[in-house]
Structure formats: C-alpha cells, structure tokens
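Residue-level structural notes
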Amino acid sequence: MINFNKKLFVVLLLFLSLIQNINAEVIYNENSVDIQAVEATQNSKYPDYAKIFAGDDKFEKFNRKMFNLNRKLNKFVARPIHIVWSSIMPKYGMDRIKDAYNNIEYPKRLASCILQRDGQGIKTETLRFLTNTTIGLGGLYDPADKIFKIRPTHENMEQALCKCKMNSGSYLVVPCLNSCTPRSLCGRALEAALDPSVYLATPIVSAIKFGLMLNRTSYMQPLAKMIETTYADPYDIHKKLFGLENYIRNSNYDREGFNIIKETYLKEVENKTQNFSITGAASEINELSDILPLGKNALTNINDDISPDIILDGYKIQTPVVDSMKTVFFEDKNVNKSIWNDLSLWNRSFAKRIKTASVSVEGGKEEYKFKYILQKDKTSPVVILYPSIGEGAGAHHSLIFAKMFYDEGYSVIMQGSHFHWEFVKSMPDGFCPGLPFKDSLYIREVTSKALSYLSEKYSLNPKEKVIIGTSFGAVATLFVAQKESENSILGINKFIAISPPIELQYALKRLDENSDSKEVSYQDIKDKTALTAAKVLELYELKDDKNFSPESLPFSEEEGKLISSFILRQKLSDIIFTIENEPKDTKSDLYEMINNMSYKDYAEKYLGMTFNDNLISKDGTSLFSIEDYLKNNDNYVIYHSLDDYFINKEQIAKLKKISGNKLICLNCGAHLGFLSRKEFCDSLKKVILGG
C-alpha cells in the first residue's frame, strides 16, 4: 500500500509538472480554451471546433501515432474480449452490473462536488446513493432516477481540478486512452486513490475489478465502431467530441441543458398536455410568413395550381430548420430489439441480420461496401436505398426503411451516399462527387454490380425493383432514372425521390447560409454549441420514455442551424479530407483549408461549377435538366414538403407543372421532417405496394 501511494504521488507530480511547463500557443483558463488565442491564430471562415474545444494540437504527430496504435489494440485485443463477454452475459445483466458500478463510484463524485463547493451536487449524489443502495438492491437498479426523478450529476475529479483553476494543458493521446489532457489524467489518478478496492490487492478483488471494467468498456465498442466507419478521419472527430464533452461537463452545461428540457418537455408530460411552448420557435401561423420560404401558403396552398396532397394534422410547426431535425424521430425500436448486447454473437436483431458485401468499381482501389438483407424467396421484390448526403450504407434512415419494406416482403439493398468518403475511395482517381449527371453513372454501376453479386451468390431474381432516395440521394435517384430511360441496365420498375433539392446551386447557397456565423464571437459560438449539444444529449436519453412526443423540439432556429451546420460541415470535411489524401502526419494545414471552404467553394474548386443568380437552370445540376424524362415518364414519384428550405416557390411551381400528380406535396414538415408521420408512411407504402 505504501509503495502504491508513493507511485501515485510521483505520477501526480509528473502531471502537475507537465501542466505547468507545456509551452502551448493555446492556454486553458479554468475550464476552457483561451478564445482570444484561438481567434488570433485562426483565419478560417468557419469555426474549427477541434481547436475551439480541444485547443492547439501541439503533439499531433505523436498523438496520431498513438491513436492508430490504440485502434489496433482495440480491434485485435479489446474488441474480441468484449465480444466474448457480451455473448456470455445478456444485456439485462450487463445493465445491472453497469448500474452497480456507477453506484460504487459515489465517493469520487461526492469528493468532486465537495471540492467544487457544489451543495446541490452533494445532496443529489448522497440521496441517489442511499436510495439505490437500499431500494435499488445495492445499486443494481436506479429507482432514484426512474421513480424519484433524482438525476445523476456525472461529476468527476477533473471537474474539481478545473474548478480549482488548474490549467488543462495540451490535448494528448496515450496508450489505451484515445483522448485526454494532463489535467484529466490527474483527475483519473485522484479517482483511483478514492477507490477502496485499490488498497485490497487480492486475486478475488482484482478479478471483480477486471470484470467491472470489462463490462463498462464494452458499452463503448458500438460508438468506436460507428466512428471508424462513419468518418474519414476518426482522430479529428475523437478530438472534437472529447473537447466538447469536457467543456459541457466543466461548464455544467449538462445540468443547464437538462433544466431547459425539464422546464419544457418534462413539465408538460407531468401536466398531461401536449401544448408546450418552444423557446425561439414560432407558434402562430401569422408569425410563419416571414420564416417559411413559401410563407403562409405552405400551410394551405401556394397558388391556384398547387395544393398539398397530404395534410399533416396536428403537426406542430416551429421553423423549417428545427422541423427538419424531427427526421431523427423516424425510427423503429424493433430494428435493434434483442436481449443481447450489440456485440453479442447471439444478437439476432434486424440490424444484426443485415449483411455486408463489397464490389470492385476501379482496379487498384478499395472495394465499395454495401449492405443487404434478403427474403427466403429470391424472386421477392427488391428495394434499393440511396441515402442523404454524406450518409454511409448503414445510415439510420436506411435501416428504418429497410425494416419497413422487409416486413412487407421486400429484399433490401442499402448503398451509401455518393457524397461519402467511402464512395470516393472506391472511385477512379480524380473523382469528386457533387455533379448529379456525372455521379449517376458511377451510382448506377455500383447498383448494377451489387445486383450481379447477389444474383451470382444467391440466385437473386426479383420480380420487381424499386429505388428510394432521400435528399441528395433523391436527386441521384432521378438522374439514375433518366439514364435508365435511355438505356436500362438495372430493370427498375419505380423510382421514389423524397425531398430532392430541385436546384442544386440554390440548395448549396441555403446550406451555406445555415453555416454563416455572421461574425459571432468564438466564445459565443463555443457556449451556444455546448449548450445545444447538451440539450441534444438530454433529448436522446428521453427518447425511450413512453410518453415522449417528437412533435416539438426545444430548439430555436439559431440552435437548429448550429446543429445542421455542425453535421453538414463534417460531411464536407470528410469528402475534402479524402480527395486531398494528405500523406503527412499532421493535418493542420489541410484543416485550415477545409475550414475556409463553403459548399459553394467546394463546388467551384472541385466541380468547376459557375454560380449564377438564376432561380431555374439547366446545367446538369438541376432537376430541370432532366425535364424531358420527368414530363414523359410515369415510373417515378417525388415527395416534397412545401416549407422545405432547400426550395422556393418558383421551383416547386415549375416542378409541379412538369411532373403533375407524380409530385406529392405535403403541407409542412420541412426537409425530411415528415418521415416519421403516419400520413407519409402510409402514402409511401401505397405507392410502392400498390392498392
């Protein structure tokens, strides 16, 4: 025990020395990056969130090497062990062990609250510990939260050190820890000292501790796998998420976010009412006329020629951007339903039954991976899915559509977006996605090869084939349809396009407008991003509440733009990162270029597009460039909401004139914000299934 304390003391001194002596351009004060230093060193058009939240990456070359080492250790050592454990212990048992472990960690959270002089935290943690230890059977259950609504505080010793004005130091990656700072390592060391089991070095205690650690870390594997397969540069996204999470906790934005949610949604649930107000959101039709691209007509009719085909009764209209965010509530809990953890070999949920295959598009390039799930009858009809911009083959919307139509007797093929880094890596050198009339050639080739692969392996011979695309994938769907009308190689019977941008140039301008910070200070951006992210996390935890209603969201228009901008700029970053294929160990210069590039800049630099002010064009980036197909064919259907902020009145009116009843308009729902509504789902099934 004496030797351990000596080692701990030496380690603490070492980290304290590192914190005080690291010569970083960005110095942390109290709980955040010095924003003046960031603003002085950054000349980018758009915020560099990695630098804002995690500071200047002084040791990037070393950090990236350690990050890659950790990925290999996780893949070849940790993940196989987690798979075995998850296949032995059902999910219910894992959850009980996790709850018990969280309860045991009460001393470290209490110590953190005491050092921060946080009276409310001390009270909350003590009440939770006593309640869960007694009624919760030693912490196996959490009645404090489920019954008494006493929410955990998620405190740790780094927050205490932050409160004591200890500098954070530079971002670091060390073996077995993907993201940390010297201060966070100090906090972990102090937490270890507060763990009583540390002083009982017996084989039994060691085995129990290993089991607890194994159980806890297994919950991180799905997230790690998602990051590896979703983002072109996992290191950068890890750094962003680490910095953001740290700032949220150290600034107590997690509590503030919860309080906002509580004062809006939770309060209304308790009162059994669905009419709660949303901060910053429009509540009266008259207020919408200046917000919606089409004004009041979006709720009734645009003009004498256009009226909504589908009325979403009771849809609580907020603002177009916030309404678009409601697309996240397009889900089916049965997709992942299983008594086993996601890692388990015995997990046979719908999502786990989906298989992955790959086809070669270009010799010497990585093979392109797609996903599929087939009916036993290989003559069953097939649905082929083209997802929204930047989404991979396993996109959330694709999973929900796959379950929807698999249950109706369809086999399903899931491709990723052509505006996704994995698609780019499988294409010929020099390929840059974004021009629909060119991209559709490669998209069609991938679809053809996927169908051929499944035909050869399973004798797949579907009696009907349908392509469904959303957003940018919907544009691809229609351009593939046009190519098929000239020379059919896929044999598609129906094409369904959901919310396709009508004029790509116009859509890109609107997208960039959402990312425009309008010279807001970095500190303001940082605080608003952190608070908005905290609210998103709180809502995510609420989504399993049986009383939860997705009809309204507690976000203002500004917060909605912040979220959509963060997501869409990340997708653009992944594409440029892949196209440039920078071989150097440090990517600072590359990210400086990326953070100075809008979608319009990308289109001009990599696609050679020339922007103009015309609302309607025929340059191969507009649906009007395939007007002849849209006018003369009946094998497609387009769904569009009349308040979609990627379109305007003139565009939708002209498209309606060309497409007639093949354009189905919804009165509201913005961009894909109507996917979860029964009215839309019933219409989509009717179009595809017939009747």
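Reading the values: the criteria
- Residues numbered from 1 in each chain as written.
- Predicted model: local features only at pLDDT ≥ 70, side-chain atom pairs only at ≥ 80, totals over all residues.
- Heavy atoms only, no water.
- Helix = DSSP H or I, 4+ residues; strand = E, 2+ residues; numbered from the N terminus.
- Buried < 20%, exposed > 50% of the residue type's maximum accessible area, 1.4 Å probe, protein only.
- Contact = heavy atoms within 4.5 Å.
- Pairing = 2+ DSSP bridges.
- 1 Å grid on protein atoms, 1.4 Å probe; cavity = no way out; pocket = protein on both sides within 12 Å on 5 of 7 lines; lining within 4 Å.
- Points joined across faces, edges and corners; volume = space filled by probe spheres on them.
- Nonpolar A, V, L, I, M, F, W, Y, C, P; charged D, E, K, R; others polar.
- Salt bridge = Lys/Arg side-chain N within 4 Å of Asp/Glu carboxyl O.
- Axes fitted to C-alpha atoms, helices over the stretch in contact; angles between N-to-C directions.
- Lys, Arg positive; Asp, Glu negative; His and termini not counted.
- Polar contact = N/O pair within 3.5 Å; in protein donor to acceptor, adjacent residues only side chain to side chain.
- Parallel < 35°, antiparallel > 145°, perpendicular 65-115°, else oblique.
- pLDDT = per-residue confidence, 0-100.
- Expected span 1.5 Å × (residues − 1).
- Arc of directions from axis to C-beta.
- Core = buried A, V, L, I, M, F, W, Y, C linked by side-chain atoms within 4.5 Å.

**Quick look at the overall build of the protein**
From N to C terminus, the protein includes 29 helices and 12 strands. When the 691 residues of the protein are sorted by exposure, 55% land in the buried category. A fraction of 76% describes how many contacts in the protein between residues 6 or more apart in sequence connect residues 24 or more apart.

**Here we look at the pairing of strand β8 (residues 411–414)**
The side-chain alternation of β8 yields two buried faces, one formed by Ser411 and Ile413 and the other by Val412 and Met414. As defined by bridge partners, strand β6 (residues 368–373) adjoins β8 across three bridges and the pair is classed as antiparallel. Along β8, the bridge assignment pairs isoleucine 373 with valine 412. Here four bridges tie strand β7 (residues 382–386) to β8, and the two strands are oriented parallel to one another.

**What to know about empty space enclosed by the protein**
Overall, the coordinates contain four cavities of 30 Å³ or more when judged by the stated rule. The computed volume of the largest cavity comes to approximately 170 Å³. Lining the largest cavity are 13 residues, and of these Pro47, Tyr49, Lys240, Arg569 and Asn595 lie nearest its centre. When residues of the lining of the largest cavity are traced back to their parent elements, those giving at least two are α13 (234–250), α24 (557–580) and α25 (588–594). With four residues, α24 is the single largest residue contributor to the lining of the largest cavity. In the lining of the largest cavity, the residues fall into six nonpolar, three polar and four charged.

**Considerations on the pattern of salt bridges**
Side-chain pairs of opposite charge can arise whenever the charged atoms involved come near each other. Scanning the model with the defined rule gives 36 salt bridges in all. Residue lysine 494 is joined to glutamate 464 by a salt bridge in which the shortest nitrogen-to-oxygen separation is 3.8 Å. Taken as a pair, lysine 494 in strand β10 (residues 494–498) and glutamate 464 in the loop between α20 (436–458) and β9 (465–470) lie far apart in primary sequence, 30 residues in all. Owing to a relative accessible area of 23%, lysine 494 belongs among the partly exposed residues under this scheme.

**Overview of the sheet that holds β6**
Spatially, eight strands are ordered β5-β6-β8-β7-β9-β10-β11-β12 in an open sheet, and the strand pairing comes out mixed. Bordering the open sheet on either side are β5 (355–359) and β12 (663–666), each of which pairs with just one other strand. Each strand of the sheet is rotated relative to its neighbour by a mean of 20°, with strand direction disregarded. Along the sheet face, helix α18 (residues 396–406) touches β6, β7, β8, β9 and β10 and points at about 165° away from the line of β8. Packed onto the sheet, α20 meets β5, β6, β7, β8 and β9 and runs at close to 55° relative to β6.

**Section: the side chain of aspartate 574**
Tracing the sequence through the fold places aspartate 574 in helix α24. No salt bridge is formed by the buried aspartate 574; the nearest opposite charge belongs to lysine 240, separated by 7.2 Å. Reaching out from aspartate 574, the side chain makes a polar contact with the backbone nitrogen of alanine 232 at a distance of 3.4 Å.

**Digging into the environment of phenylalanine 350**
Position of phenylalanine 350 among the secondary structure elements: in helix α17 (residues 350–353). Its relative accessible area of 4% is what places phenylalanine 350 among the buried residues. With 14 residues separating them in the primary sequence, phenylalanine 350 and asparagine 336 have C-alpha atoms 6.2 Å apart. In this structure, phenylalanine 350 is in contact with Asn334, Val335, Ile373, Leu399, Ala402, Lys403 and Tyr406, ignoring residues within four places of it in sequence.

**Description of the environment of threonine 621**
Take threonine 621: it is sitting in the loop between α26 (599–606) and α27 (627–632). Residue threonine 621 is classed as buried on the basis of its relative accessible area, which comes to 3%. Here the alpha-carbon distance between threonine 621 and methionine 609, two residues 12 residues apart in the chain, equals 9.2 Å. Excluding residues that lie within four positions of it along the chain, threonine 621 makes contacts with Leu435, Pro436, Ile502, Glu503, Leu504, Gln505 and Met609.

**Digging into unusual backbone geometry**
One non-glycine residue, arginine 117, adopts positive backbone phi at about 55°. If you trace the backbone, arginine 117 turns up in the loop between α6 (106–115) and α7 (119–134). Its relative accessible area of 79% is what places arginine 117 among the exposed residues.

**Observations concerning the packing of α13 against helix α23 (residues 522–542)**
Packed helices, taken two at a time, are described by the angle their axes make and the gap between the axes. Contact geometry of α13 with α23 gives a least axis separation of 10 Å together with a crossing angle of 85°. Here α23 runs roughly perpendicular to α13, going by the angle between their axes. Contacts between α13 and α23 involve Leu244, Tyr247 and Ile248 on the former and, on the latter, Gln523, Lys526, Asp527, Thr529, Ala530, Ala533 and Ala534. Of the residues in the contact of α13 with α23, the class split is six nonpolar, two polar and two charged.

**Notes on the confidence of the model for the protein**
Across the protein, the average pLDDT comes to 84, with 83% of residues at 70 or higher. Taken as a whole, residues 272–304 scores under 50 in pLDDT and shows 69 contacts with residues more than four places along the chain or in a different chain.

**Some points on the pairing of strand β4 (residues 177–180)**
Judged from the two bridges that link them, strand β3 (residues 172–174) and β4 form a sheet pairing that is antiparallel. Bridge pairing in β4 places leucine 172 opposite cysteine 180. Hairpin connection, β3 to β4: the antiparallel pair is bridged by two residues, and cysteine 176 has positive phi, about 75°.

**Focus: the environment of serine 622**
With respect to the helices and strands, the residue serine 622 is situated in the loop between α26 and α27. A residue is classified by how much of its surface remains accessible, and serine 622, at 0% relative accessible area, is buried. Once the C-alpha coordinates of serine 622 and isoleucine 502 are considered, the two residues, 120 residues apart in sequence, prove to be 5.9 Å apart. A distance of 3.0 Å separates the side chain of serine 622 from the side chain of glutamate 503, its partner in a polar contact.

**Looking at α7**
The end-to-end C-alpha distance of α7, which contains 16 residues, comes to 23 Å, matching closely the 22 Å that a straight helix rising 1.5 Å per residue would cover. The complete set of buried residues in α7 reads Gly121, Thr124, Glu125, Arg128, Thr131 and Asn132. Angular distribution of buried residues about the axis of α7 spans 140°; they occupy a single face of the element. Seen from the buried face of α7, the exposed residues on the opposite side, beyond 90 degrees, are Lys123 and Thr134.

**Remarks on the nonpolar core**
Counting residues in hydrophobic clusters, the biggest one holds 79 residues, and the most contacted among them are Phe370, Tyr602, Leu623 and Leu630. Once residues within four sequence positions are removed from consideration, tyrosine 602 is found in contact with Phe419, Cys432, Pro433, Leu572, Ile575, Ile576, Ile579, Met597 and Leu607. Core analysis: the second largest hydrophobic core is formed by 37 residues, Leu385, Leu399, Met414 and Phe680 among them.

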